Structure formats: C-alpha cells, structure tokens
Amino acid sequence: MPNLFHIERIGNQRSNIKWQEGQREKIAELYQQKYSIHQISRMFGGLHYNTIKKILKEYDVPLRTRAQSHYQDNRCEDIFENIDTEEKAYWLGFLCGDGCVFENYIRISLHKKDIHHLEKFRAFIKADSIHIRNSGEYCSFSIDCKKMAEDLKKWGCFERKSLILKVPSIDENLMCDWLRGLFDADGGISYIKKANRWQSYLTSTKEVCDFYVSFLDINTKPFKEHRCKNNTYRVHFNGRLSVMEKLNILYRQNTATIYLDRKYTLYQQLLSTLQQ
C-alpha cells in the first residue's frame with residue numbers, strides 16, 4: 001500500500017513533485033477535516049504552503065480566514081479558568097511577566113534563543129495551528145481568545161500589569177510554580193567568574209517583591225529601581241549556597257517539570273558545584 005504522506009520530488013526543485021494517485025485528494029480531504037495548512041505541510045514532509053493552496057483551489061476547497069483558522073485546533077480556551085496544576089500556575093506567572101493581554105488578545109514576545117519556550121506554551125494551550133513569528137532578534141506568539149484573556153485578567157494578568165501586579169489568590173502549594181514563571185520572565189541567575197560569585201534577582205512591583213522575599217526567606221529587602229518610574233522594585237541576592245537554597249524552592253527541589261531551559265541549565269550548573 002503506497003504511503004500517501006511521502007512526497008517524491010524530481011531533481012533539486014522543491015516544486016517539481018511526482019504525485020501519487022490519491023495524494024492530492026488526501027490533502028484537500030485533510031483540510032476539509034479541519035487540519036491547518038501548517039499541520040498538512042508537516043504531515044507531507046514540509047510541503048510548501050503555496051503548493052497546498054493551489055491544490056485546495058484545484059479541488060474548489062475555500063480557504064478559511066485567519067480568524068476561522070484559529071479555532072480549527074483543539075485549543076483549551078478555558079485552561080486558565082482554574083489554576084489547579086503546576087503548568088497552569090507556571091504559565092500564569094510567566095504571562096504576568098512577559099505576556100501582553102489586551103482586550104481579547106494575548107501575546108508573548110521573546111528573544112529568538114528562547115523560541116522553544118513559545119513552542120512549549122503553544123503545546124500547553126493546544127494551539128498548534130498558530131504560527132510563531134520570527135522578526136530579527138525576536139520571536140512572538142499571539143492568540144485571539146476572549147475566554148482565555150478574560151480568565152487571565154481575573155487572575156491579575158492584564159494590560160500595563162507591570163506597574164500594579166499583585167500576588168494572585170491561588171493554592172499555596174502552587175505558589176512556587178507561579179513565582180518560577182515570573183522568575184523566568186523577569187528574573188535571572190548568573191555566575192560572575194572574576195568574582196567567583198553566583199547571583200540572582202527578580203524585578204517586579206513592590207508587593208510582589210516583598211512576597212518573593214518572604215516566600216523564599218531571603219535576607220534582604222527589595223529596592224526601588226531608580227532608572228524606572230513608578231512601582232518598579234528589584235530583589236537581588238548572591239552567594240552560591242544562598243542562591244542554590246532559594247532556587248531549590250522555586251524548582252521544587254529539582255523536580256519541576258516546566259521552566260525556561262536556559263535558566264534551568266544555569267541552575268543545574270549551580271547544583272553541579274556541590275560535587276566539585
């Protein structure tokens with residue numbers, strides 16, 4: 001039985017394809033079954049979008065609008081209705097730091113080196129049909145979803161939140177996950193080689209920074225960021241053992257399942273110093 005998903009190309013030209021019987025019909029059928037052009041492209045080994053569109057036109061299959069396409073996947077529109085899992089708490093925290101929620105629109109923009117994190121979020125909300133956009137040094141993911149936006153606002157994640165962000169009323173057992181998400185968005189960990197010193201910080205509102213200090217039992221006070229106006233504060237602490245102790249809380253004693261890979265790698269490097 002022939003493999004309809006195998007594309008046989010002629011020569012070096014990607015557009016020169018030797019079609020199998022039933023292959024083009026299969027592409028039209030899949031689109032009518034609500035698969036996106038992006039999903040079909042991946043099924044057929046990276047088949048060019050324009051090729052797929054030509055086939056759909058050939059079989060009189062109308063293209064869906066962008067708005068319609070956003071609702072052809074199995075996305076979890078109500079995923080933030082209740083914050084009752086590690087992943088939900090983490091992504092709520094991350095969105096409170098690096099997310100933008102405006103009316104019914106949700107957007108995350110990161111440096112291109114963290115594009116895998118956007119892929120994690122897309123998989124989390126099951127929105128595979130939405131593309132991650134690349135623009136120079138940055139990449140972004142956007143979704144238009146009224147229910148999701150309303151739920152995020154309910155938890156305090158809304159427009160211009162950076163000036164008035166508060167600690168959400170979620171299960172205390174999930175608070176370290178919310179803080180880890182916020183830390184991945186607005187915090188950091190680094191090693192200063194010349195000084196042989198590990199350090200960590202978080203930037204947020206005074207209320208959140210005060211809570212961060214209390215939750216992690218940090219022996220310092222938040223200080224106002226003078227270069228920033230209004231309610232922007234920072235918590236900064238250093239020392240290998242101190243940083244390790246606090247991050248162990250954020251990373252659930254190294255059992256956390258969701259995190260920004262780049263910062264988690266630094267945390268692992270810090271843990272490895274115990275064996276030296």
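Residues numbered from 1 in each chain as written. Predicted model: local features only at pLDDT ≥ 70, side-chain atom pairs only at ≥ 80, totals over all residues. Heavy atoms only, no water.

1. Observations regarding the overall build of the protein chain
Worth spelling out the cut-off: Numbering of helices and strands runs from the N terminus; a helix is a DSSP stretch of H or I covering at least four residues, while a strand is a stretch of E covering at least two. Any two residues whose heavy atoms approach within 4.5 Å are treated as being in contact. Under the convention used here, a 1.4 Å probe and the Shrake-Rupley method define accessible areas, while residue burial counts only the protein chains that appear.
The helix and strand inventory of the protein chain stands at eleven helices and ten strands. For the protein chain, the spread of C-alpha atoms along the principal axes amounts to about 70 × 45 × 35 Å. When contacts within the protein chain are restricted to residue pairs at least 6 apart in sequence, long-range pairs at least 24 apart make up 63% of them. Split by element, the accessible area of the protein chain, about 15,300 Å² in all, is 48% carbon and sulfur.

2. Observations regarding the packing of aromatic side chains
Rule in force here: Centre distance within 6.5 Å is the pairing criterion for rings of Phe, Tyr and Trp, where only the six-membered ring of Trp is used; planes under 30 degrees apart are then read as stacked, over 60 as edge-to-face, and the remainder as tilted. Using a 1.4 Å probe on the protein chains alone, a residue whose accessible area is under 20% of its type maximum counts as buried, one over 50% counts as exposed, and one in between counts as partly exposed.
As enumerated under the stated definition, the model contains 15 aromatic pairs in all. Relative to Phe94, the ring of Trp91 lies with its centre 5.7 Å away and its plane at 80°, an arrangement referred to as edge-to-face. Of this pair, Trp91 and Phe94 both sit in helix H5 (residues 86-98), three residues apart, which is roughly one turn of that helix. Looking at Trp91, the relative accessible area reads 0%, which means it is buried. Of the residues examined, Phe94 reaches a relative accessible area of 1% and is grouped as buried.

3. A word on the pairing of strand E8 (residues 197-204)
Our working rule: DSSP-based pairing: two strands are paired if at least 2 bridges between them are found.
Burial analysis of E8 places six of its eight residues in the buried class, the great majority of the element. Across six bridges, strand E7 (residues 187-192) lies against E8 in antiparallel orientation. Bridging from a neighbouring strand, Ile189 pairs with Ser200 of E8. The loop that links E7 with its antiparallel partner E8 comprises four residues; one of these, Asn196, has a positive phi angle of about 50°. With six bridges connecting them, E8 and strand E10 (residues 233-238) associate as antiparallel partners. The residue bridging Ser200 from the neighbouring strand is Phe237, located in E10.

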